[in-house]
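Examining the three-dimensional arrangement
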Amino acid sequence: MADIESKTLTDVVEKETDSNSNAEDVSPEDSTTCHSFDLNSYHEHNAGRLVLDPDEAVIEFGEEVAKRLKLSADGSKVLWPQPTDDPEDPQTWSDARKNFQLFIITLAAIVPDFDSGIGIASIFALAKQYDTEPGHINNLTSNWSIFLIGVGSPFAVMLVRRYGRLPVLFWSQVLAAAFLVGCTFAPNLRVFTIMRCLTGLVGNCPQVIGLYIVTDMFPFHLQTRKLGIWTMGFVISPFLSPFAFSFLVARASWRWAYGIGSLYGAVVVFFIMFFMEETMYDRTLRDPHPIPRPASRLLYRVQTLVGVTGARMARFRTPWRAIVLSPLQIIWRPQLASVMLFEAAVFGFGIGINVTNAVFLARPPPNGYGFGQYAIAGAYATPIVAVLLGEVLGRYFNDWVQNMCVRRNKGVFEAEMRLWTCYIAVPLYVCGFVLLGAAFQKNLSVAALVLGWGIAQIAIMINTVAIYSYCNDCFPGSAGEVSALVNLTRTLGGFSVAYFQVPWATRHGALQTFGVEAAIVAALFLLTVPVLQLRGAKLRERFSL
């Protein structure tokens with residue numbers, strides 16, 4: 001089991017008692033006793049503050065507790081949550097097994113926005129097919145599908161908490177693929193609109209439970225790195241379908257685009273059906289397996305996949321009343337509400353670029369670039385490459401920030417450390433938006449367009465990972481609710497921006513539009529991030545669950 005070999009702090013304690021006088025000074029009254037220290041839930045109840053350094057754990061918890069703590073394979077970090085000795089605990093799975101599950105949920109996270117983005121590639125063909133204006137198609141289908149991706153998120157979390165990750169993921173993707181098939185063969189605009197909206201409503205599950213699955217499987221010090229991979233899936237997805245299908249729709253029917261999208265959904269369902277595993281492990285129960293398991297492994301697999309096992313386990317889990325009220329209990333907390341508003345602006349204006357750029361690229365000079373359909377499709381390679389670069393840069397920068405801050409804080413992690421990454425993302429965001437606006441308004445070279453768009457998307461990718469990580473650290477016992485609320489706010493931001501960004505840029509110029517949006521993001525950053533870094537610990541102490 002990579003990264004969680006059977007190693008405890010016993011050896012560290014024995015070494016430290018000889019060399020570190022601080023450990024000898026810890027009295028039983030000052031340290032946590034074995035009887036009062038719950039290893040299974042400590043990481044949830046001590047929200048936003050975790051001891052990662054083994055030496056500091058001896059000082060903070062005392063030797064009796066420290067001896068029981070399991071460490072990473074190299075012995076440098078305390079593992080949170082603490083893995084059990086149960087082979088079915090996802091924290092004890094091998095790296096290959098964990099990473100394969102992460103691969104599947106990342107593929108699934110692409111589905112909702114990928115399906116929604118097909119409409120961008122086929123908007124003119126749809127307008128011609130149904131004898132209407134492209135703007136009407138956009139408002140009737142694309143915008144509302146984006147809106148419903150966010151609205152459906154809290155309901156997905158409620159089902160996941162009650163019945164488990166796997167069955168909700170499976171049925172949501174089966175239904176999403178079925179409704180996309182309905183789009184493919186829709187006989188009229190009314191049916192197409194209904195199918196399109198239902199696809200967004202039911203297909204959002206992977207963009208919510210990915211945070212659950214990452215925290216189920218990976219120890220705390222690796223979670224941000226793995227969150228970056230999952231986040232990359234839904235950040236890159238709105239650009240994949242316009243890039244791929246604009247070439248196709250230029251030569252074939254728009255129905256082929258939706259048909260291929262349906263095939264991708266079927267591939268995701270195949271991976272979930274045969275390879276995805278249930279990662280929900282009820283570690284706080286005295287017996288994590290309170291119901292008998294069928295003797296047949298195949299029967300158990302089928303029951304787990306379709307939800308029979310989850311339905312039988314539901315009575316041992318959180319009751320419906322608490323599940324329904326849970327999002328309302330955290331949405332008003334200042335440390336969460338403030339960064340959600342910040343992220344809504346960052347991500348929402350970024351989604352607006354996706355729509356606005358297609359308009360300005362198609363317009364003839366001097367008001368645009370006069371690109372044809374093939375050139376516009378090729379331009380969407382820019383954000384795809386940028387998101388990939390953002391994932392790589394963010395991965396190493398987040399690791400560096402975490403390790404450096406923990407060392408400077410005597411081996412203790414504080415949630416506000418995550419926000420240092422925003423100091424890199426926001427200046428890049430402002431530069432990218434201003435350059436992109438100037439490129440459109442001043443008719444600068446294509447290089448300026450590519451550079452501005454790419455820098456903005458790198459910033460969005462880096463910032464989104466930091467915000468997800470910070471929110472999850474503040475409310476570790478509510479990963480699903482956090483994910484749903486952040487997903488809701490970012491999609492609502494994108495939904496609203498699509499209505500005003502193009503008319504605004506057309507009337508007053510792209511430089512003013514993108515410049516003001518960059519200024520709004522910068523202002524929200526200054527009003528939010530430094531305040532949380534200064535007052536975040538007290539806010540967590542007062543407003544944590």
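Residues numbered from 1 in each chain as written. Predicted model: local features only at pLDDT ≥ 70, side-chain atom pairs only at ≥ 80, totals over all residues. Heavy atoms only, no water.

1. Some words on the overall build of the protein chain
Defined as follows: Put simply, DSSP H or I for four residues or longer makes a helix, DSSP E for two residues or longer makes a strand, and each gets a number counted from the N terminus. The cut-offs for exposure are 20% and 50% of the maximum accessible area for each residue type, with area from a 1.4 Å probe on protein chains only; residues under the lower value are buried, those over the upper are exposed, and the others partly exposed. In this description, contact between two residues means that some pair of their heavy atoms is separated by no more than 4.5 Å. For the accessible areas, the method is Shrake-Rupley and the probe is 1.4 Å, while residue cover comes only from the protein chains on display. By the counting rule applied here, Lys and Arg register as positive and Asp and Glu as negative, while His and the ends of each chain are not counted. Where a charge lies is defined by one atom per residue type, namely NZ (Lys), CZ (Arg), CG (Asp) and CD (Glu).
When you go through the protein chain residue by residue, the secondary structure sums to 23 helices and 2 strands. Dimensions along the principal axes, computed over C-alpha positions, put the protein chain at roughly 75 × 55 × 40 Å. The proportion of buried residues among the 545 residues of the protein chain is 58%. Counting only contacts in the protein chain whose residues sit at least 6 apart along the sequence, the fraction spanning at least 24 positions is 82%. Only carbon and sulfur atoms are counted for the fraction: they give 64% of the accessible area of the protein chain, which is about 22,100 Å². Computed over 42 positive and 42 negative side-chain charges, the separation of the two mean positions in the protein chain equals 11 Å.

2. Overview of the environment of E277
This is how the line gets drawn: Distance and chemistry together define a polar contact, namely a pair of N or O atoms within 3.5 Å, with one atom able to donate a hydrogen and the other to accept it when in protein, and with adjacent residues in sequence counting only for side-chain atoms on both sides.
Looking at where E277 falls in the secondary structure, it is placed in the loop between α13 (254-275) and α14 (297-306). For the pair E277 and L227, spaced 50 residues apart in the sequence, the C-alpha separation amounts to 18 Å. Contact partners of E277, with chain neighbours within four places excluded, come to W93, R97, Q101, L166 and R301. Engagement of the side chain of E277 in a polar contact is seen with the side chain of R97, the distance being 2.5 Å.

3. What to know about the packing of helix α21 (residues 446-474) against helix α22 (residues 479-508)
The condition is simple: Whenever a helix is involved, its axis is fitted only over the stretch in contact; in every case the axis is a line through C-alpha atoms, and angles between N-to-C directions fall within 0 to 180 degrees. A crossing counts as left-handed when the near helix is turned anticlockwise from the far one by less than a right angle, and as right-handed when that turn is clockwise. Gly is put with the polar residues, along with every residue not named as nonpolar or charged; the nonpolar set is Ala, Val, Leu, Ile, Met, Phe, Trp, Tyr, Cys and Pro, and the charged set is Asp, Glu, Lys and Arg.
Put simply, α21 and α22 touch, their axes get as near as 9 Å, and they point 145° apart. With respect to the hand of their crossing, α21 and α22 are arranged in right-handed fashion. Of α22, the residues touching α21 (which contributes Y468, C471 and N472) are A479, V482, S483, V486, N487 and R490. Per-class residue counts for the contact of α21 with α22 are 5 nonpolar, 3 polar and 1 charged.

4. Points about the nonpolar core
For soluble globular proteins, the rule of thumb is that nonpolar side chains tend to be buried together. Selection rule: The term nonpolar core refers to a set of buried residues drawn from Ala, Val, Leu, Ile, Met, Phe, Trp, Tyr and Cys, joined through side-chain atoms within 4.5 Å.
If you look at the biggest cluster of nonpolar residues, it comprises 100 residues, and the most contacted ones within it are W230, F342 and F440. Top contributing element to this core by residue count: α21, with 14 residues. L126, I137, C183 and F245 belong to the second-largest nonpolar core, a separate cluster that totals 20 residues.

5. Overview of helix α12 (residues 220-249)
Our working definition: Multiplying 1.5 Å by the residue count of a helix minus one yields the expected span of that helix. To obtain the bend at a residue, axes are fitted to the seven residues ending there and to the seven starting there, and the angle between these axes is taken.
Helix length check: α12, at 30 residues, gives a terminal C-alpha distance of 45 Å against a target of 44 Å (1.5 Å per residue), a fit within 8%. Along its length, α12 reaches its greatest deviation from straightness, about 45°, at S237, and the proline P238 lies no more than four positions downstream. Counted residue by residue, α12 has 23 buried out of 30 residues, so it is predominantly covered.

6. Concerning the packing of helix α17 (residues 334-362) against α22
Applicable threshold: Oblique is the label for every angle not falling under 35 degrees (roughly parallel), over 145 degrees (roughly antiparallel), or within 65 to 115 degrees (roughly perpendicular).
As a packed pair, α17 and α22 sit with axes 6 Å apart at the nearest point and diverge in direction by 40°. Between α17 and α22, the angle falls in the class oblique. Judged by the sense of rotation from one axis to the other, the crossing of α17 with α22 is right-handed. By residue class, the composition of the contact of α17 with α22 is 16 nonpolar, 8 polar and 2 charged.

7. Description of the confidence of the model for the protein chain
To keep things clear, this is the line we draw: For every residue, the predictor states its confidence as a pLDDT score lying anywhere from 0 to 100.
In this model, the protein chain carries a mean pLDDT of 87, and residues with pLDDT of at least 70 account for 93%. Segment residues 1-6 is flagged for pLDDT under 50; beyond a separation of four residues in sequence, or across chains, it makes 18 contacts in the model. This stretch, residues 10-35, has a pLDDT under 50; its non-local contacts, to residues over four places away or in other chains, come to 32 contacts.

8. Some thoughts on the pattern of salt bridges
We apply this condition: Any Lys or Arg side-chain nitrogen located within 4 Å of an Asp or Glu carboxyl oxygen qualifies as a salt bridge.
Following the criterion strictly, the structure yields 14 salt bridges and no others. Linking E414 and R49 is a salt bridge whose minimum nitrogen-to-oxygen distance equals 3.6 Å. A residue pair is termed long-range when its members are at least 10 positions apart, and E414 in strand β2 (residues 412-414) and R49 in strand β1 (residues 49-51) qualify at 365 residues. The residue R161 makes a salt bridge to E481 at a minimum N-O spacing of 2.6 Å. Here E481 lies in helix α22 and R161 lies in helix α8 (residues 153-163), a separation of 320 residues in the sequence.

9. Looking at unusual backbone geometry
Of note, the bond from W80 into P81 is cis; its omega dihedral lies within 30 degrees of zero at -5°. Residue position: P81 is located in the loop between α5 (63-66) and α6 (95-129). Phi angles above zero are rare outside glycine, and D131 is one such case at about 55°. Structurally, D131 is set in the loop between α6 and α7 (134-151). Here D131 falls in the exposed class, since its relative accessible area comes to 71%. For N443, which is not a glycine, the phi torsion comes out positive at approximately 55°. Among the structural elements, N443 can be located in the loop between α20 (422-441) and α21.

10. Structural notes on helix α19 (residues 381-408)
Here α19 contains 28 residues, and its C-alpha end-to-end distance of 40 Å stays within 8% of the 40 Å for a straight helix at 1.5 Å per residue. Just beyond α19, the residue with positive phi is K410, at close to 60°.

11. Some details on a nonpolar patch on the surface
To keep things clear, this is the line we draw: Patches were defined on residues exceeding 30% relative accessible area and lacking a salt bridge, with like-charge contacts within 9 Å and nonpolar side-chain contacts (Val, Leu, Ile, Met, Phe, Trp, Tyr) within 5 Å.
Taken together, the side chains of L159, W320, V324, L325, L328, I331 and W332 present a nonpolar region at the surface, about 630 Å² in accessible area. Of the residues forming the nonpolar patch, the biggest block, 4 residues, is contributed by helix α16 (residues 320-330). Within the secondary structure, W332 is located in the loop between α16 and α17. When its relative accessible area of 47% is taken as the criterion, W332 is described as partly exposed.

12. Thoughts on the side chain of D282
Topologically, D282 is positioned in the loop between α13 and α14. Side-chain polar atoms of D282 contact the side chain of R317, separated by 3.3 Å. What D282 contacts, discounting residues up to four positions off in sequence, is P288, M313 and R317.

13. Here's the deal with the packing of aromatic side chains
Selection criterion: Planes of paired rings set the category: under 30 degrees apart is stacked, over 60 is edge-to-face and the rest tilted, where pairs are Phe, Tyr or Trp rings (Trp by its six-membered ring) whose centres lie within 6.5 Å.
Throughout the structure, instances matching the rule amount to 37 aromatic pairs. Each ring, one from Y130 and one from F192, has its centre 6.3 Å from the other, and the planes form 45°; the classification is tilted. Highlighted residues: Y130 in the loop between α6 and α7 and F192 in helix α10 (residues 189-202), separated in sequence by 62 residues. The pair Y130 / F192 is uniform in exposure class, with both members buried. Between the aromatic rings of F192 and W254, the centroid separation amounts to 5.6 Å while the plane-to-plane angle is 85°, which identifies the pairing as edge-to-face. Placement of the pair is F192 in helix α10 and W254 in helix α13, with a sequence separation of 62 residues. Chaining the aromatic ring pairs together yields one cluster made of F360, Y369, F371, Y429, F433, F440 and F514.

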